[in-house]
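The primary structure of each chain is shown beneath.
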Amino acid sequence: MTRRIGGASPTLQKANAMTSRPGIRVGVIASMLTCWLWSAAWGGQPGATDPAEGTLPALGASFPIKVEVAWNRFHDHAGLGSILARLHEAFPDLTKLYSIGKSTEGRDLWCLEVTARKVGNPDRKPGMYIDGNIHGNEVQAAEVVDYTAWYLCHQYGRIDRVTALLDNDVFYLVPMVNPDGRDRWLRDCNGAMSSRGGSAPTDNDRDGVADEDDCEDLNGDGCITQMRIKDPQGRWKRHPDYPEYLMVRAKPDEPGEYTLLGWEGIDNDGDGRVNEDGKGGYDMNRNYPYDWRPPYIQYGARDYPLSQPETRAVADFVLAHPNIAAAQCYHNSGGMILRGPGREGGTMKSADERLLEIIGARGERILPYYRSIITWKDLYTTWGDEDTWLYGGRGILAYTDEMWTERNLYKGDKAPSNEDEAEFLKQVLLGDGVVPWKPYNHPTYGAIEIGGSKKEWGRTPPSFLLEEELHRNMAFTLYHAGTLPRLRISDLAVTPLGGNLFKVWVTVENQRMMPTRTAQDVDHQISPPDIVSIQGDSVRVLSSGRVTDRFFQRAEAVEYRPQRVELETISGMEAVRVQFILQGSGPFTVTVDSARGGLLHKDASLP
């Protein structure tokens, strides 16, 4: 569409005036005329076309994107499930989508299996298990699992490292172990620590009634915030510089003005306490069987190990997939890469500990301000937690990642002070994250005020920092996955011995840091030993053994079934050598069968 140009516009008049000045470049005038003509032709506004048509990728992003997702927000159970379903539809050659079980309230525990399905048998590839949101209020934990699936699918065939991972390994991604708690925390009015546990009714205050005294949105503003009461004997006061954002303790020698009363709520059951029996109240991350302790020792452990449908589903799934060699369990917050054991004196073999240290040290580089630490030693004691069971019970090298640290607010060398956080709320979030204090007439306390920080503040990153958290944590997960055992038969040599006898020399190399079986696995015989075997229709195996000295070609002979040599493990970045004495002629096949290292075949022939 074009428009007729009538009399000279101010822009043309200005251009004409400029031509009378010496030194004015023709290009400047042409540029001004072009801009004016474009503006005149289109009415001075950009075209209302699909913005995707004018989109170009930044580094780290795939292009084009088959499944558009905004990663600066949170999704409920249906939303995260929809992302997985769309990925499965868009990438059928990479994905398989299924439910591993049901939650207490009947929600599916979705798993997206991601691997190059046309490259090898997925069931025989080394496996990486990733889950999140076992604590319902730790919502970014589920987002990072979906983000990992999204990234892997889109970058396959584009980034060599991702392509190699999916060609050689398989990822099992379970975003929500506790979808009931997640949906409640996201959808309902509740406090920051509510919905952490499972949703099965629990009598936390032991009064014979379950879940009868939870927090309430007393003033109906859609948020559960804090209560305070003016009190000359109170020990809290408003911060002088941030009175609307921050409550601080009065100094020992000065009077206070408020007493803090906790989250909004009333004494529903008349026992003289407020909010002491919210929905649920147990901790599914204390319900796993390794180092489990009853509730009187470990709060929230529930009645017996794997008593809950969610933890039982996870355990059954892991047991059904003996190829799983590594795991990441996502939580929030605190910026920690946690490794076991959960208790002093707990199970951890020195060789496995060293590898976890090495991987965790890389994680500290990928995740600025995070610390790689031991749970019991550097945080607190836990009994019956998931990563302790994964390692102790299954020999899987596992971490618990506590996502988000407030040090990321100002990118500083030290944690921000309360004043720093108040300044961030005021100047960066422009007040979002805080509810202004307003008066309320409480049935027990009388005249109080309700307000303060929203439940999201402190535990979750702001929207514009959320995607960074997701990507960096995903990158650490992929680095961890990149250490999974990767085997190859690097040498297969046949030497004639005379008399129709031959010596076959087989070298099996592990090209990654992780052994095929951890020291914990070997010590407790959790998975079967690795087996190197040989078979041929016209071949007879007379003897075999593991080579103990490759230079002098010494071998430790197998006493029974010489057609197979059992290996305790194939260490990371090392090789093992096996020899067979064969009689016969014609083709034969060497097979390497490792539960967590994969299944390999190589054909050769006797002369």
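Residues numbered from 1 in each chain as written. Predicted model: local features only at pLDDT ≥ 70, side-chain atom pairs only at ≥ 80, totals over all residues. Heavy atoms only, no water.

A. Expanded view of the sheet that holds strand 10 (residues 336-339). Reading across from one edge, 1-2-4-3-9-12-10-11 is the order of the eight strands in this open sheet, with mixed pairing throughout. Among the strands making up the open sheet, the edge pair consists of strand 1 (95-102) and strand 11 (371-374). Neighbour to neighbour, the strand axes of the sheet diverge by 20° on average, direction disregarded. By the bridge criterion, six bridges tie strand 1 to strand 2 (residues 108-114) in an arrangement that is antiparallel. Its bridge partner being in strand 2, Tyr-98 is matched across the sheet by Cys-111. Helix 7 (residues 309-319) rests against strand 1, strand 2, strand 3 (127-132), strand 4 (170-174) and strand 9 (324-332) of the sheet, and its axis sits at about 135° to strand 1. (Pairing = 2+ DSSP bridges. Helix = DSSP H or I, 4+ residues; strand = E, 2+ residues; numbered from the N terminus. Axes fitted to C-alpha atoms, helices over the stretch in contact; angles between N-to-C directions. Contact = heavy atoms within 4.5 Å.)

B. The nonpolar core, seen in detail. Counting residues in hydrophobic clusters, the biggest one holds 54 residues, and the most contacted among them are Leu-87, Val-114, Trp-150, Leu-166 and Phe-171. Among the elements that make up this core, the one with the highest residue count is helix 4 (residues 140-155) (10 residues). Every residue in contact with Trp-150, bar those within four places of it in the chain, is listed here: Ile-65, Val-67, Val-69, Trp-71 and Leu-87. Within the second largest apolar cluster, 27 residues are counted, among which are Tyr-288, Ala-313, Trp-389 and Ile-396. (Core = buried A, V, L, I, M, F, W, Y, C linked by side-chain atoms within 4.5 Å. Buried < 20%, exposed > 50% of the residue type's maximum accessible area, 1.4 Å probe, protein only.)

C. Structural context of the packing of helix 4 against helix 12 (residues 463-481). Relative to each other, helix 4 and helix 12 sit at 65°, their axes nearing to 9 Å. Viewed along their axes, helix 4 and helix 12 adopt a mutual orientation that is roughly perpendicular. As for how helix 4 packs across helix 12, the hand of that crossing is right-handed. For the pair formed by helix 4 and helix 12, the contact residues are Gln-140, Glu-143, Val-144, Tyr-147, Thr-148, Tyr-151 and Leu-152 on the first element and Leu-466, Glu-467, Leu-470, His-471, Asn-473, Met-474 and Leu-478 on the second. Taken together, the residues that form the contact of helix 4 with helix 12 break down as eight nonpolar, four polar and two charged. (Parallel < 35°, antiparallel > 145°, perpendicular 65-115°, else oblique. Left-handed = near helix turned anticlockwise from the far one by under 90°. Nonpolar A, V, L, I, M, F, W, Y, C, P; charged D, E, K, R; others polar.)

D. Up close: the sheet that holds strand 18 (residues 539-549). The five strands lie next to each other as 15-16-21-18-19, forming an open sheet whose pairing is antiparallel. Two strands lie at the open edges of the sheet, namely strand 15 (487-498) and strand 19 (554-557), each paired on one side alone. Going across the sheet, the axis of each strand differs from the next one's by a mean of 30°, ignoring polarity. Pairing geometry for strand 18 and strand 19, over four bridges, is antiparallel. Directly across from Gly-545, in strand 19, lies its bridge partner Ala-557.

E. Summary view of the state of the cysteines. Taken as a whole, this structure holds zero disulfides when the rule is applied. Cys-153 carries a free sulfur, and the closest cysteine sulfur to it, the one in Cys-111, is 12 Å from it. There is no disulfide at Cys-215, and the cysteine sulfur nearest it, in Cys-189, is 8.9 Å away. Taking the relative accessible area as the measure of exposure, Cys-215 reaches 14% and is therefore buried. (Disulfide = S-S within 2.5 Å.)

F. Layout of the pairing of strand 17 (residues 530-535). Two elements, strand 17 and strand 20 (residues 564-567), share four bridges in a ladder whose sense is antiparallel. Along strand 20, the bridge assignment pairs Val-532 with Val-565. In the sheet, strand 17 pairs with strand 22 (residues 586-594) via five bridges, with the strands oriented antiparallel. By the bridge assignment for strand 22, Val-532 is matched with Val-592.

G. Structural detail: a nonpolar patch on the surface. On the surface, Tyr-410, Val-428 and Phe-464 cluster together to form a nonpolar patch covering roughly 270 Å² of accessible area. Checked against the element boundaries, Val-428 lands in helix 11 (residues 418-428). Val-428 gets classed as partly exposed once you look at its relative accessible area, which sits at 37%. (Patch = residues over 30% accessible without salt bridge, like charges linked within 9 Å, V, L, I, M, F, W, Y side chains within 5 Å. Areas by Shrake-Rupley, 256 points an atom, 1.4 Å probe, with all protein chains shown as cover. Salt bridge = Lys/Arg side-chain N within 4 Å of Asp/Glu carboxyl O.)

H. Layout of the side chain of Asp-76. By the secondary structure assignment, Asp-76 is in the loop between helix 2 (26-41) and helix 3 (77-90). In this structure the side chain of Asp-76 is engaged in a polar contact, spanning 3.2 Å, whose partner is the backbone nitrogen of Ala-78. Engagement of the side chain of Asp-76 in a polar contact is seen with the backbone nitrogen of Gly-79, the distance being 2.8 Å. Contacts of Asp-76, omitting those with residues within four sequence positions, involve Arg-182, Asp-183, Leu-186 and Arg-187. (Polar contact = N/O pair within 3.5 Å; in protein donor to acceptor, adjacent residues only side chain to side chain.)

I. The arrangement of unusual backbone geometry in detail. Here the bond from Asn-332 into Ser-333 is cis, since omega is 0°, no more than 30 degrees from zero. Secondary-structure assignment places Ser-333 in the loop between strand 9 and strand 10. With phi around 50°, Gln-525 is a residue other than glycine that occupies positive phi space. Checked against the element boundaries, Gln-525 lands in the loop between helix 13 (519-524) and strand 17. Judged by relative accessible area, which is 51%, Gln-525 ranks as exposed.

J. View of the pairing of strand 14 (residues 446-453). Burial analysis of strand 14 places six of its eight residues in the buried class, the great majority of the element. Relative to strand 14, strand 5 (residues 226-230) runs antiparallel, the two being bridged by three bridges. Note on strand 14: the bridge partner recorded for Gln-226 is Gly-451. Two elements, strand 13 (residues 434-442) and strand 14, share seven bridges in a ladder whose sense is antiparallel. Opposite His-442, over in strand 14, you have Gly-446 as the bridge partner.

K. Up close: the side chain of Thr-115. With respect to the helices and strands, the residue Thr-115 is situated in the loop between strand 2 and strand 3. Under the relative-accessibility criterion, Thr-115 is labelled buried at 0%. If near-sequence neighbours (up to four positions away) are discounted, Thr-115 is found in contact with Asp-93, Leu-94, Thr-95, Pro-122, Lys-125, Leu-166, Asp-169 and Val-170.

L. Structural detail: helix 6 (residues 179-187). With respect to burial, helix 6 is a largely interior element, seven of its nine residues being buried. Pro-179, Asp-180, Gly-181, Arg-182, Asp-183, Arg-184 and Trp-185 are the residues of helix 6 that are buried. The secondary structure elements touched by the buried residues of helix 6 are helix 3, strand 2, helix 4 and helix 7.

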